[in-house]
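If you want the building blocks of each chain, they are given just below.
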Amino acid sequence: EYHLFTFDGYATWTPRDWVRWDIGVFHGSLTNPDAIFRGISLTELSLGFDWRFRSNLMNSASADVTFYSDDNTRIGFGDRLVWQPLWKLPVRLNHRFTSTTGLGYFGFSETKDNGYYDPRQYLSLYEEVALDMTFHRRVRGHISGRAGLDRENGDDWFDVWRFDVSGSFVLHARFSLTAGYYNSTSRLDSREGYAADGFHLGLDYVHHD
């Protein structure tokens, strides 16, 4: 019985090399069953700014404000320093490491029991290390792990983590298949704010002019 028009779009502006601005708009629903049952929708406005200092070092900042149909409002921001070191393991495998040091913050105007996580204040500090590998021109792999410390409403810090592994396989000159698994206890990885794990599978088609 719940019918909702959804929209997700963004625009990018690059005023000069290695600098990028993004603005986005999302309108849709939360995927948690409690929120769907209550017919809660949201509209999110977001702004992002990327500044690459050199080819392997970049800072990415973002801010967003979200309006919920149950009269709640969420404000958030985040910042990430992304570094890809030039050193590699002494193995005959094309690979690259990525280190991401970041922080995230969000807070709600009200705390309600409507099927999503809505604390007054939430702060997260984390470190993530990722490894991308090319086994063959048709086969690529990705594995990453994140460890962090989170704090809710000024209470004690507690640990959170995320693990992600995926592989991409070129099936044909125009088709590739991507499959992966993730497991996260972070409140930052979903609009609902709950821990999650699952599989994903995708088929990509590339059009060549």
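Quick caveat: nothing in here was measured; it's all calculated off a predicted structure.

## Some remarks on the side chain of Arg146
Within the fold, Arg146 resides in strand S8 (residues 139-152). Given the relative accessible area of 15%, Arg146 is considered buried. Of note is the side chain of Arg146, whose polar atom sits 3.5 Å from the side chain of Ser186. Ignoring anything within four residues of it in the chain, the contact list for Arg146 reads Tyr126, Glu127, Glu128, Val160, Trp161, Arg162, Ser186 and Asp189.

## Structural notes on the confidence of the model for the protein
For the protein, the average pLDDT comes to 93, and 99% of its residues sit at 70 or higher. For the protein, the element scoring lowest by mean pLDDT is helix H1 (residues 33-37), at 86; strand S4 (residues 57-68) scores highest, at 98.

## Points about the packing of aromatic side chains
Counted according to the given criterion, the structure contains 14 aromatic pairs. Counting every residue linked through ring pairs, the aromatic cluster contains Tyr68, Phe106, Phe108, Tyr116, Tyr117, Tyr122 and Phe158. Just above the ring of Tyr126 sits the side chain of Arg146; from NZ or CZ to the centre is 5.1 Å.

Cut-offs applied
- Within each chain, residues carry numbers counting from 1 in the order of the written sequence.
- pLDDT decides what is reported in this predicted model: residues at 70 or higher carry local features, side-chain atom pairs at 80 or more are listed and counted, and totals for whole chains, interfaces and linings draw on all residues regardless.
- Side-chain numbers here rest on the full set of heavy atoms in the structure, without hydrogens or water.
- Under the DSSP-based scheme used, a helix requires at least four consecutive residues in state H or I and a strand at least two consecutive residues in state E, with every element numbered from the N terminus.
- Using a 1.4 Å probe on the protein chains alone, a residue whose accessible area is under 20% of its type maximum counts as buried, one over 50% counts as exposed, and one in between counts as partly exposed.
- Polar contact criterion, stated in full: a pair of N or O atoms within 3.5 Å, where within protein one must be able to donate a hydrogen and the other to accept it, and residues adjacent in sequence count only if both atoms are side-chain atoms.
- Contacts are assigned to residue pairs with any non-hydrogen atoms lying within 4.5 Å of each other.
- Values of pLDDT, which run from 0 to 100, indicate the predictor's confidence residue by residue.
- The criterion for an aromatic pair is that two Phe, Tyr or Trp rings (for Trp, the six-membered ring) have centres within 6.5 Å, with stacked assigned to planes under 30 degrees apart, edge-to-face to planes over 60 apart and tilted to the rest.
- Think of it as a cone above the ring: NZ of Lys or CZ of Arg counts as a charge over the ring if it is within 6 Å of the ring centre and within 35 degrees of the ring normal.

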